[in-house]
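Inside the fold
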Amino acid sequence: MVETHISLSVNRLLNEDTYAIPLYQRNFAWTYDEIEQLLNDVADAFQENRDNYYNRDNYYIGTLVVNKENDIFKIIDGQQRTTALNLIALALKHEFGFDRLKAVNLTFPARKKSNKNIKDLFAKQEISEDDENELTRGYGYAKDALKKVLEERQLNPQSFVDYLFENVIIFRSILPEDLDLNLYFERFNSRGEQLEAHEILKAQMMAKFGEDQEMAQKFAKIWDACAEFDKPAASHFKMRRKRADDFQERECIFGWHFSNYSFKNIYDDIDFYQDKRRKLSDILEKKINEEIIEVEKDFGDYTTVIDFPIFLLHVLAIAEGKKTDDIQLDDKKLLALFDIKNKDKTWVIEFSEFLLRIKHIFDNYIVRNSNMDSSSRNKDEWFLQKGTYYEYQPNGKSKEHYIVEERFTNNTFSDSEINKNIILLQSMFAVTFTANRDSRWLYEILFNHIEELNQTEFASQFKDFLEKMAVRYAKERLFTEDKSIKKYGAIPVYTFNFVDYVLWKNREELKKEYKDIKFDHFKFAYRRSIEHWYPQNPNGQDGESQLPAEFLHSFGNLCIITDSQNSRFGNSYPEAKLEQWEREGIFHRQSLKLQMMAKITSKKDDGWGPKQITELEKEILTRVNHFIENKTSEQL
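Source: prediction; values computed, not measured. (Residues numbered from 1 in each chain as written. Predicted model: local features only at pLDDT ≥ 70, side-chain atom pairs only at ≥ 80, totals over all residues. Heavy atoms only, no water.)

Remarks on the sheet that holds strand E4 (residues 72-77)
Backbone hydrogen bonds hold the strands of a sheet together, and the pairing may be parallel or antiparallel. A sheet is described by the order of its strands in space; here six strands give the open sequence E1-E6-E3-E4-E2-E5, paired in mixed fashion. The sheet is open, and its two borders are formed by strand E1 (5-9) and strand E5 (106-107), each paired with just one other strand. Bridging between E1 and strand E6 (residues 168-174) involves five bridges; their strand directions are antiparallel. Note on E6: the bridge partner recorded for Ser-7 is Phe-171. (Pairing = 2+ DSSP bridges. Helix = DSSP H or I, 4+ residues; strand = E, 2+ residues; numbered from the N terminus.)

Following this line, the structure appears as structure tokens:
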């Protein structure tokens, strides 16, 4: 019996079984650029594993979707990459002396010239100009790309070829015999891209269910609910439309008040037969039903702080109980880290339940960023929101029937001040640590609070935890070893964001002096560029117009702005910058520290210079140290 989902090394792919390119597939279309990029990707993985010859990590390059007919695998998706690998292997055989092909196992039944050319390439027979086509051109591209990659990276050819053939993996998935191939092919063809690693991982997990298609489809429903990051996981599970309905999928899983965070045996609560009655065309085309529309009205269009592949790595690390510093957040290693070949069906079931649990927590307690203006929030606004409860509503047409509706709160936490604190703290981390590998702050949050969510005092405890974490991060980044504040070139973006949070916490006092600053409306944004308020070279000049370095590069004269504003910030004097930005009406969107610097600058008597820089730095550090001391003493 042929396995429906299997990982194949390049060696097995090219030397086992027979593959055919159906007539409806387009011709080989990869250019030199795509072939070189594939080789560079493999070279990156090879060099990362070069010092660990006997225990190298595999590198996954995508998926191959096939339909099996009479012992021939007809390629539905993945033919470009598969053909490219054949051409690379042929170039290695004839141009570099690495003969790793037993024969050509790729055929073109409906294209006589292509079929003849690939056989002639294997036999190294001369091909006339009249017979040249996309395969012969691709062979030339493969030869040139191999030469360039091997030489420029100074790779050991033998070791690189061994890695390519034994450690580079493609995932082959055989479609069910009763599937509508035309519809399936149309779906993949419209995407125009390979499946991603998390989609391969899903197929690997589903393969563990064997012939138990009911359990496999229930797993797929849980997975898909978590994978769609633009809506809460709960929205993928059906709710009752009438009080009399016996169908209670969403209520059973998430609880009447969305307060269940301990998912076990939820496969029993998923209505497989309800989903089975939907047409395949509806599932593939993802037609939006009335239920999804209602949920999207409440939650809106938003962006999350990480994507699904990185979320999977967070969940895996939490499930394995790893320490924060030990987790790996490299989505290129997703398949290797999960290592599904060594997992069984029970592990897959338990992981899927845990995945849904963490996604439900993520939906309710981690900030999101709005992508659009709506009646409840503005574009680019950070927010927390969760479902709260179901409610019976009379039908109106008949007093005997009731409709079950969902109600959502505007805030996750009922205390609006605490809710605002938590939004600011989480968004501060999000805009600072933007790279996947730097999202360990999120791991700390999810890992530390799973068991506390239903406690009465959780809101204040959660806020305090975030503030103490913020202080710990600040101590590592704000000061030098001798406890003095860092200067330009050494001070990171996080310092400025942390200072803005402390200023916001002190807003009632600061409002007395800085009356025009709208502290209550402040929100964190992706401000990544550290700049001098008084410029290094005013208007492109130097010499007498410069400030002494001790003031110029000190924290008091530094600020953060968005990258898009950086080119316009330039070498203008502070007064000119302030005038320009006020004219454009964008100054209120800046960092709180920068707004305070601008207001000091606007005072006609002194403007902005060493005195103002020194006094502001002292004022800010006094407040920062007081906040740090308070939070540190609470930990003792």
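From this point, the narrative continues.
What to know about the packing of aromatic side chains
The description of an aromatic ring pair rests on the distance of the ring centres and on the angle between the ring planes. Here the structure, examined in full by the defined rule, presents 34 aromatic pairs. Three or more aromatic residues link up through ring pairs in this structure, and these residues are Phe-429, Phe-433, Trp-441, Tyr-473, Tyr-494, Phe-498, Tyr-501, Trp-504 and Phe-627. Seen from the ring of Phe-555, Lys-593 lies directly overhead, with NZ or CZ sitting 4.7 Å from the centre. (Phe/Tyr/Trp six-rings, centres within 6.5 Å; stacked < 30°, edge-to-face > 60°. Lys NZ or Arg CZ within 6 Å of the ring centre and 35° of its normal.)

Observations regarding helix H8 (residues 197-207)
Taken across its eleven residues, H8 has eight buried, putting it largely inside the fold. All of the buried residues in H8 are His-198, Ile-200, Leu-201, Lys-202, Ala-203, Gln-204, Met-205 and Met-206. (Buried < 20%, exposed > 50% of the residue type's maximum accessible area, 1.4 Å probe, protein only.)

Focus on the side chain of Asp-363
The topology assignment puts Asp-363 in helix H16 (residues 345-365). A polar contact of 2.8 Å, which involves the side chain of Asp-363, links it to the backbone nitrogen of Ala-233. What Asp-363 contacts, discounting residues up to four positions off in sequence, is Pro-232, Ala-233, Arg-368 and Gln-385. (Polar contact = N/O pair within 3.5 Å; in protein donor to acceptor, adjacent residues only side chain to side chain. Contact = heavy atoms within 4.5 Å.)

Quick look at the pattern of salt bridges
One pass over the structure, following the stated rule, counts 36 salt bridges. Between Lys-379 and Asp-380 there is a salt bridge; the shortest N-O distance is 3.6 Å. Asp-380 gets classed as partly exposed once you look at its relative accessible area, which sits at 40%. A salt bridge links Arg-472 to Glu-444, with the shortest nitrogen-to-oxygen separation between them at 2.7 Å. Placement of Arg-472 in helix H19 (residues 458-478) and of Glu-444 in helix H18 (residues 440-448) is noted, with a sequence separation of 28 residues between them. (Salt bridge = Lys/Arg side-chain N within 4 Å of Asp/Glu carboxyl O.)

Some thoughts on empty space enclosed by the protein
Counted by the stated rule, this structure contains two cavities of 30 Å³ or more. In this structure, the second largest cavity occupies an estimated 50 Å³ of space. Ile-361, Tyr-365, Ile-366, Ile-445, Leu-446, His-449, Ile-450, Leu-453, Phe-458 and Phe-462 are the residues that line the second largest cavity. For the lining of the second largest cavity, the secondary structure elements donating two or more residues are H16, H18 and H19. Across the lining of the second largest cavity, the residue classes break down as nine nonpolar, one polar and no charged. (1 Å grid on protein atoms, 1.4 Å probe; cavity = no way out; pocket = protein on both sides within 12 Å on 5 of 7 lines; lining within 4 Å. Points joined across faces, edges and corners; volume = space filled by probe spheres on them. Nonpolar A, V, L, I, M, F, W, Y, C, P; charged D, E, K, R; others polar.)

Overview of unusual backbone geometry
Leaving glycine out, the prevailing phi sign among residues is negative, and the prevailing peptide bond configuration is trans. Positive phi, close to 55 degrees, is recorded for Gln-154, a residue that is not glycine. Along the polypeptide, Gln-154 turns up in the loop between helix H5 (134-152) and helix H6 (157-166). Phi angles above zero are rare outside glycine, and Asp-380 is one such case at about 70 degrees. Residue position: Asp-380 is located in the loop between strand E8 (368-370) and strand E9 (382-383).

Some remarks on the packing of helix H3 (residues 79-95) against helix H4 (residues 112-123)
The angle between the axes and the distance between the axes are what describe a pair of packed helices. Running from amino to carboxyl end, H3 crosses H4 at an angle of 30 degrees, the nearest separation of the two axes being 9 Å. Relative to H4, the element H3 lies roughly parallel. Only Ile-118, Leu-121 and Phe-122 of H4 make contact with H3, whose side of the interface consists of Leu-87, Leu-90, Lys-93 and His-94. Among the residues making up the contact of H3 with H4, the classes are represented as five nonpolar, one polar and one charged. (Axes fitted to C-alpha atoms, helices over the stretch in contact; angles between N-to-C directions. Parallel < 35°, antiparallel > 145°, perpendicular 65-115°, else oblique.)

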